[in-house]
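Structure at a glance
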Amino acid sequence: MQSVFPEWLEKKKVVEDKKLPDLPNVEIGKVVMRLAPSPSGPLHIGHARMAILNDEYVKRYKGKLILRIEDTNPANIMPEAYKMIEDDLKWLEVDYHEVVIQSDRFELYYDTMEKLISMEKAYVATTPTEVFKAKRQQSIPIDERNDSSEANLRRWEKMLNGDFKKGEAYAVIKTDLTHPNPAIRDFIAFRIIEIPHPLKGKKYRVYPMMNFSVAVDDHFLGLTHVIRGKDHLANTEKQKYIFNYFRWPLPFYLHYGKVSIENSILKTSIIKKGIANGDFTGWDDPRLGTLLAMKMRGINPRAIRRYWVETGIGDVDIKFSWENLYAFNKHIIDSESPRHFFVVNPIRLELLLDEVVKVKMPIFPKKENGLFREYEIKKGEIFIAQDDYNKFMGQEVRLKDLGNFKLERDKLKFIDNDLSKIKQGIPIIHWIQSDFVDYQIIKPDGATDKGILEKNALNYLGKVNQLERYGYANLINEKLGYYTHP
RNA sequence: GCUCCGGUGGUGUAGUCCGGUCAAGCAUAUCGGCCUUUCGAGCCGACGACACGGGUCCAAAUCCCGUCCGGAGCACCA
């Protein structure tokens, strides 16, 4: 015989959260993974995927997560970004256990390169790169490729000693010049950069390229699994050559698909320019796709996590869905969001009412915490939104929690307080009579809605409020809020 | 152009490796109902997809070939 509530038990199972697939070759407690951002700016919603996926797996397997900041191109570094990235990760609740900065590891890169040259797996060239590239395209080696390791080592020393200027020499890893994919053939591992590094100044002038430093660090940091975007597919192939030359064990690689994020500005170069010339208010401008902007708008980091976990690690290219993110966010914030009225483009009307009415509206209708907004409403002025005014002109409407009124050109005339009319489909609208402030809400598209907000809402600044029939908004200060989502 | 990778409803995903239980599951969106003094939330229901064409097979979303479409790499960026 079945239990009395069999369906109750079954429901629970169905609602279970979606999970990421298991990784191969895992040993609990031994997994090591990494986050490898470059400090060119703060993180955006797309970076969050990389961070969250790695974090989820490390937590599942009780492993170690390394934050490795890839600052090997001084031209592309924003000094403040080192800290901003860490702040962004903390906000996302991504728990890394160690921070490694690549610019601290030049000696390791140099040593490793020297070994490769000695092994005749790398060479140092002074041939113009245009020639190098052209020949490589035709599978033809440049002269230095066939030089002895001694000759290449001598050039390497000269390169490190500063005997070459920028552009005069570069170091190359041999792969396979006949590789069918030209993108995989011999690649540059070091170049000379003369502009100062924000952290190291002019101490170094020979800088590793990403493919070199990544391979070396992935090995010496003991990575077991690497998850990153599939734009790195060809890079992974290149990096494997270095692993193979040293017979280092390969980590397990996983490449997820490209994400295109519409209706959002993500490129740091564009954002920087926009902030500089005043188009954007800062890195947290609500029009941007940065995590700082998400935070400002009232997107909960757990919603972002759930979004990326549900999206998973597929290698198909996807379109980011704001709609889905908003839905997750709504689930998380709804019951915690105080309710208030915000009347956009208020129309002033005469309220015709015979007696004073006391209204008492719950701030948290989902909770029984006894918090209410209370007003004594009397005849006189009242405000409703212009849209409602236009839409319901001449009709009977219900002012929420107040009563039923006839909406006429310049007035609202009391009819009755018959609640059964709600069932009959009378439109319910929100309103404000007194105790309000002028307020602006900035939307993600840059538009601004102006209106009046219940003064009581100012007790909930810094929180996402549900402005009834308008949408959710994070109330930043007593004048201005950011729209979260509908 | 060369070389890779991929194409399941509007969106995201499960299933594809090891063909049958998939006349395709879930989430989100949309629509309808219930509930509710929000156009919110919750509950219930509906709608809606295996890119196309061949082939193999008793049987194909799953294997093979071709076409079309999308993406990536071919940097002294990461």
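Please refer to the structure placed before this passage.
This structure is a prediction, so every number in the text was calculated from the model and none was measured.

Details of the overall build of chain A
Helix and strand counts for chain A come out as 14 helices and 26 strands. Expected size for 486 residues packed as a compact globule is a radius of gyration near 23 Å; at 31 Å, chain A overshoots this value by more than 25%. In terms of its C-alpha atoms, chain A occupies a principal-axis envelope of roughly 105 × 70 × 35 Å. Classification of the 486 residues of chain A by burial places 50% in the buried group. Relative to all contacts within chain A whose residues are 6 or more apart in sequence, the contacts with residues 24 or more apart total 69%. For chain A, the exposed surface amounts to about 23900 Å²; the carbon and sulfur share of it is 50%. Distance between charge centroids for chain A: 2 Å, based on 75 positive and 69 negative side chains.

With respect to the sheet that holds strand 1 (residues 32-35)
If you trace the 3 strands from one edge of the open sheet to the other, you get 1-2-3, paired in parallel fashion. Unpaired on one side and paired on the other, strand 1 and strand 3 (98-101) mark the two borders of the sheet. The sheet shows a mean angle of 30° between the axes of neighbouring strands, taken without regard to direction. Relative to strand 2 (residues 64-69), strand 1 runs parallel, the two being bridged by 4 bridges. The residue bridging V32 from the neighbouring strand is K64, located in strand 2. Running at roughly 160° to strand 1, helix 2 (residues 47-60) makes contact with strand 1 and strand 2 of the sheet.

Remarks on unusual backbone geometry
Within the chain, E120 stands out as a residue other than glycine whose phi angle is a positive 60°. Counting through the fold element by element, E120 comes out in the loop between helix 4 (106-118) and strand 4 (122-125). Not every positive phi belongs to a glycine, and D435 is a case in point at roughly 55°. Looking at the secondary structure, you find D435 in the loop between strand 21 (428-429) and strand 22 (436-442).

Re the pairing of strand 16 (residues 372-377)
Covered by surrounding structure in strand 16 are R373, Y375 and I377 only, the residues F372, E374 and E376 on the alternate face being uncovered. Bridge count between strand 15 (residues 357-362) and strand 16: 6 bridges; the pairing is antiparallel. Of the residues in strand 16, the one forming a bridge with P362 is F372.

Concerning the packing of helix 4 against helix 8 (residues 233-246)
In a pair of packed helices, the angle between the axes and the distance between the axes together describe the arrangement. Taken N-terminus to C-terminus, the directions of helix 4 and helix 8 make an angle of 70°; their axes are 11 Å apart at the nearest point. By the angle between their axes, helix 4 is roughly perpendicular relative to helix 8. Where helix 4 approaches helix 8, its residues T112, K115 and L116 are matched on the opposing element by I242, Y245 and F246. The class makeup of the residues in the contact of helix 4 with helix 8 is 4 nonpolar, 1 polar and 1 charged.

Examining helix 4
For helix 4, built from 13 residues, the straight-helix expectation of 18 Å at 1.5 Å per residue is met to within 8% by its first-to-last C-alpha distance of 18 Å. When we look at burial in helix 4, the residues that qualify are F106, Y109, Y110, T112, M113, L116 and I117. On an axial view of helix 4, the arc spanned by its buried residues comes to 165°, and they lie on one face.

So, the side chain of K174
Within the secondary structure, K174 sits in the loop between strand 5 (170-173) and strand 6 (187-192). The charged side chain of K174 is buried without a salt bridge, its nearest counter-charge being E120 at 5.6 Å. Looking at K174, its side chain comes within polar contact range of the main-chain oxygen of E120, at 3.0 Å. Side-chain polar atoms of K174 contact the backbone oxygen of R145, separated by 3.4 Å. Once residues within four sequence positions are removed from consideration, K174 is found in contact with E120, K121, A122, Y123, R145, D186, Y241 and Y245.

Looking at the environment of E144
Within the element layout of this structure, E144 appears in the loop between helix 5 (129-137) and helix 6 (149-161). On the accessibility criterion, E144 (6% relative accessible area) is buried. For the pair E144 and T127, spaced 17 residues apart in sequence, the C-alpha separation works out to 8.0 Å. Aside from chain neighbours lying at most four places away, what touches E144 is Y123, V124, A125, T126, T127, N152 and R155. Of the polar contacts made by the side chain of E144, one reaches the backbone nitrogen of T126; its length is 2.8 Å.

Side note on the packing of helix 4 against helix 7 (residues 210-220)
Between helix 4 and helix 7, whose axes approach to 10 Å, the crossing angle comes to 100°. Here helix 7 runs roughly perpendicular to helix 4, going by the angle between their axes. Contact with helix 4, carried on its side by L108, Y109, T112, M113 and L116, involves F212, S213, V216, D217 and F220 of helix 7 and no other residues of that element. Split into classes, the residues belonging to the contact of helix 4 with helix 7 amount to 7 nonpolar, 2 polar and 1 charged.

Focus on helix 6
Over its 13 residues, helix 6 runs 18 Å from end to end, which matches the ideal 18 Å to within 8%, given 1.5 Å per residue. Taken together, the buried positions of helix 6 are S149, A151, N152, R155, W156 and M159. Taken around the axis of helix 6, the buried residues stretch over an arc of 160°, which confines them to a single face. Residues of helix 6 that are exposed and point over 90 degrees away from its buried face: R154 and N161. Remark: G162 follows helix 6 within two positions and exhibits a positive phi of approximately 90°.

Rules used throughout
- Residues numbered from 1 in each chain as written.
- Chains lettered and ligands numbered in written order.
- Predicted model: local features only at pLDDT ≥ 70, side-chain atom pairs only at ≥ 80, totals over all residues.
- Heavy atoms only, no water.
- Helix = DSSP H or I, 4+ residues; strand = E, 2+ residues; numbered from the N terminus.
- Rg over C-alpha atoms; globule rule 2.2 N^0.38 Å.
- Buried < 20%, exposed > 50% of the residue type's maximum accessible area, 1.4 Å probe, protein only.
- Contact = heavy atoms within 4.5 Å.
- Areas by Shrake-Rupley, 256 points an atom, 1.4 Å probe, with all protein chains shown as cover.
- Lys, Arg positive; Asp, Glu negative; His and termini not counted.
- Charge placed at Lys NZ, Arg CZ, Asp CG, Glu CD.
- Pairing = 2+ DSSP bridges.
- Axes fitted to C-alpha atoms, helices over the stretch in contact; angles between N-to-C directions.
- Parallel < 35°, antiparallel > 145°, perpendicular 65-115°, else oblique.
- Nonpolar A, V, L, I, M, F, W, Y, C, P; charged D, E, K, R; others polar.
- Expected span 1.5 Å × (residues − 1).
- Arc of directions from axis to C-beta.
- Salt bridge = Lys/Arg side-chain N within 4 Å of Asp/Glu carboxyl O.
- Polar contact = N/O pair within 3.5 Å; in protein donor to acceptor, adjacent residues only side chain to side chain.

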